[in-house]
Amino acid sequence: MTVSDEEPSVGKSVAPKDIPRAPHLPGDPDMWVMVLGDLFFFGCYFVVYMVFRARSAADFAAAQQHLNLSIGVGNTIVLLTSSMFVALAVISVRQGAVASGRRLLAAAGGCGVVFAVLKVCEWYLEISRGHTVGTEFFSFYYALTGIHLAHLLLGMLILGIAGRELRNSCRPRVGLVEQGAVFWHMVDLLWIVIFAIVYLMR
């Protein structure tokens, strides 16, 4: 029996995609605690919004007519696209395609920048038309979208950290990319709910 027959794996690197992965929850417990806490906070705010809306349905419906639905739809498409990029980045890193994962994270971050620019433009348009926090609907609108934007900026920071990890590390931590993906998907989910109840619900 030859040496190569006895030890076929000696001197041969095993690609990450060849290593079987046991089912696991992406990210780590600390990130999930943070995500669940944010979801609870936003859930409470959504309930308060619905209560006030039920009390002043006509006023809320009239105020909604002043929102720019096109920008809202555009932001929704941008965030959904960014979530697709993040999901593909996780798959790429798991398979060892680090460079591809880094580019996908950068693309997701670029979508985040587009979302933020569109949101600021929308705020500017609303304020220039006199729609400020002086009304109940717009007080909720600015609070919900403002807190969401703050979470989006934090998500972009997390994705940036994950991208730097992929660039600088010889053995990138897949878990760090997964944590960024978990947080980013939460930001996307929150926006979908905000878009539905603030822009669409009549």
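Data block above holds the structure.
The structure displayed is predicted, hence computed values, not measured ones.

Q: Is there a simple way to explain the overall build of the chain in this structure?
A: The helix and strand inventory of the chain stands at seven helices and zero strands. Along the chain, helices and strands appear, N-terminal first, in the series α-α-α-α-α-α-α. A buried classification covers 38% of the 202 residues belonging to the chain. For the chain, the share of sequence-separated contacts (at least 6 apart) that also reach a separation of at least 24 residues comes to 80%. Accessible surface, the chain as shown: approximately 11000 Å² in total, 68% of it carbon and sulfur.

Q: I tried to follow helix H3 (residues 57-64) on my own but got confused; where do I start?
A: Given 3.6 residues per helical turn, the α-helix brings residues three or four places apart onto the same face. Of the positions making up H3, those classed as buried are Phe60, Ala63 and Gln64. Looking straight down H3, one finds that the buried residues subtend no more than 105° of arc, so they occupy a single side. Against helix H2 (29-55), helix H6 (136-168) and helix H7 (174-200) lie the buried residues of H3.

The rules behind the values
Residues numbered from 1 in each chain as written. Predicted model: local features only at pLDDT ≥ 70, side-chain atom pairs only at ≥ 80, totals over all residues. Heavy atoms only, no water. Helix = DSSP H or I, 4+ residues; strand = E, 2+ residues; numbered from the N terminus. Buried < 20%, exposed > 50% of the residue type's maximum accessible area, 1.4 Å probe, protein only. Contact = heavy atoms within 4.5 Å. Areas by Shrake-Rupley, 256 points an atom, 1.4 Å probe, with all protein chains shown as cover. Arc of directions from axis to C-beta.

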